[in-house]
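Architecture at a glance
One letter stands for each residue in the lines below.
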Amino acid sequence: MQTELITVKTADGIELDGALYRPAAKPSRSSVLMVHGLTWNFYRGPSRWLPPLLAAEGHLCLSLNMRDHDLAEPKDFELAHRDLRAGIGFLAGQDAGEIVLLAHGFACNKVACYAALSDDPTPRRTVLTTLGAVKAYRPEIWATVLRCASAMRGETLIVQGAVDTLIEANARADELVAAAAGSRVETILLEGGDHYFNERHAALASAIATWLRDAKGAA
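This report concerns the structure included in the present document. (Residues numbered from 1 in each chain as written. Predicted model: local features only at pLDDT ≥ 70, side-chain atom pairs only at ≥ 80, totals over all residues. Heavy atoms only, no water.)

Counting secondary structure elements, the protein contains 7 helices and 8 strands. Rg of the C-alpha trace for the protein: 16 Å, near the compact-globule value of 17 Å for 219 residues, within the 12% margin. Along the first, second and third principal axes, the C-alpha atoms of the protein reach 40 × 40 × 35 Å. Taken over 219 residues, the protein has a buried fraction of 53%. (Helix = DSSP H or I, 4+ residues; strand = E, 2+ residues; numbered from the N terminus. Rg over C-alpha atoms; globule rule 2.2 N^0.38 Å. Buried < 20%, exposed > 50% of the residue type's maximum accessible area, 1.4 Å probe, protein only.)

Following this line, the structure appears as structure tokens:
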């Protein structure tokens, strides 16, 4: 695997840093844009350990900072689609197959709203891990997510930790499934998984890689 530090610029002039993980021997099956959650960045937490695991499965992965990286409170949520668009544009230039959006925690809200806020039809598969914590501390954002989810298309995978004590994993997943009627949604309750999938890194990567391989194609 080869790792490269990159910088992309959004349409409104914000520079975002990230790390690009290139598969070593296997041809890239698809390219994945990994988006961090609240208080995190591209080199900490799931955004650091998950992309290398997916690259080992043959997927080109970009772990990218959002403009609100490292912040403890949500900021500029309505502008997140510009950051995602910049990352998607970078991956499109790599000629590495379809582009898949992969989010953890608070980033799930940004990704779920992307289709509605951007009018960009490019991503047709989406992976949301640890979805729904925002309902407890910013219910208005969760309401926006459920409203925007009607624009989601293609296929969506939701992975929730089965022992996550910080969210109501089944309830939040069910709410999104109902709201995203235009997308084929699969939900996995990962055995032993907590909020950050501690001790379950390989299991999470395997679940995502298997879904990417076996999904029947975007609608």
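Moving on to the sheet that holds strand S4 (residues 60–64). One open sheet accounts for 8 strands, arranged S1-S2-S4-S3-S5-S6-S7-S8; its pairing is mixed. The open sheet terminates on both sides in strands that have one partner only, identified here as strand S1 (2–9) and strand S8 (184–190). Strand-to-strand twist in this sheet, taken as the mean axis angle between neighbours without regard to direction, amounts to 20°. Contacts between helix H3 (residues 107–118) and the sheet are confined to strand S3 (31–35), strand S5 (99–104) and strand S6 (125–129), with S5 contributing the most and set at about 145° to the helix. Sheet strands touched by helix H6 (residues 169–179): S6, strand S7 (155–161) and S8. Its angle to S7, the strand with the most contacts, is close to 170°. (Pairing = 2+ DSSP bridges. Axes fitted to C-alpha atoms, helices over the stretch in contact; angles between N-to-C directions. Contact = heavy atoms within 4.5 Å.)

Okay, the packing of helix H5 (residues 139–148) against H6 next. Direction vectors running N to C along H5 and H6 enclose 40°, while the axes themselves pass 8 Å from each other. When the interaxial angle is binned, H5 and H6 end up oblique. Contact residues: H5 offers Trp 142, Val 145 and Leu 146, while H6 offers Arg 172, Glu 175, Leu 176 and Ala 179. Taken together, the residues that form the contact of H5 with H6 break down as 5 nonpolar, no polar and 2 charged. (Parallel < 35°, antiparallel > 145°, perpendicular 65-115°, else oblique. Nonpolar A, V, L, I, M, F, W, Y, C, P; charged D, E, K, R; others polar.)

Looking now at unusual backbone geometry. The general pattern is negative phi for most residues beyond glycine and trans for most peptide bonds. If you check the backbone angles, Thr 39 has positive phi at about 75° while not being a glycine. Checked against the element boundaries, Thr 39 lands in the loop between S3 and helix H1 (46–55). Exposure remark for Thr 39: the relative accessible area of 34% places this residue in the partly exposed category. Its identity as a non-glycine residue notwithstanding, Glu 199 has a phi of 65°, on the positive side. Mapping Glu 199 onto the fold places it in the loop between S8 and helix H7 (201–214). Residue classification places Glu 199 among the exposed positions, given a relative accessible area of 77%.

Tracing the backbone shows Glu 155 in strand S7. Exposure remark for Glu 155: the relative accessible area of 6% places this residue in the buried category. At a separation of 3.5 Å, a polar atom in the side chain of Glu 155 contacts the side chain of Arg 184. (Polar contact = N/O pair within 3.5 Å; in protein donor to acceptor, adjacent residues only side chain to side chain.)

For the rest of this paragraph, the subject is the packing of aromatic side chains. In this structure the tally under the stated criterion is 3 aromatic pairs. Considering the side-chain rings of Phe 42 and Tyr 43, the 5.1 Å spacing of their centres and the 85° angle between planes classify their relative orientation as edge-to-face. Among the residues examined, Phe 42 registers a relative accessible area of 10% and is labelled buried. Its relative accessible area of 42% is what places Tyr 43 among the partly exposed residues. Between the NZ or CZ atom of Arg 125 and the centre of the ring of Trp 211, over which it lies, the distance is 5.6 Å. (Phe/Tyr/Trp six-rings, centres within 6.5 Å; stacked < 30°, edge-to-face > 60°. Lys NZ or Arg CZ within 6 Å of the ring centre and 35° of its normal.)

Judged by nonpolar contacts, the single largest core of 41 residues is most densely connected at Leu 33, Leu 64, Leu 128 and Val 145. When residues in this core are grouped by element, the largest group, 6 residues, is from H3. Those residues in contact with Leu 64 that lie beyond four places of it in its chain are Ile 6, Val 8, Leu 16, Asp 17, Gly 18, Leu 33, Met 34, His 36, Phe 42, Asp 83 and Gly 87. Core analysis: the next-biggest nonpolar cluster, separate from the first, contains 24 residues, Tyr 21, Val 159, Phe 197 and Ala 215 among them. (Core = buried A, V, L, I, M, F, W, Y, C linked by side-chain atoms within 4.5 Å.)

The next subject is the environment of Val 177. Tracing the backbone through its elements, the reader meets Val 177 in helix H6. For the pair Val 177 and Ser 150, spaced 27 residues apart in sequence, the C-alpha separation works out to 9.8 Å. In contact with Val 177, other than residues within four places in its own chain, are Ile 158, Val 185 and Thr 187.

The element H1 is largely enclosed, with a buried count of 7 among its 10 residues. Along H1, the residues classified as buried are Pro 46, Ser 47, Trp 49, Leu 50, Pro 51, Leu 54 and Ala 55.

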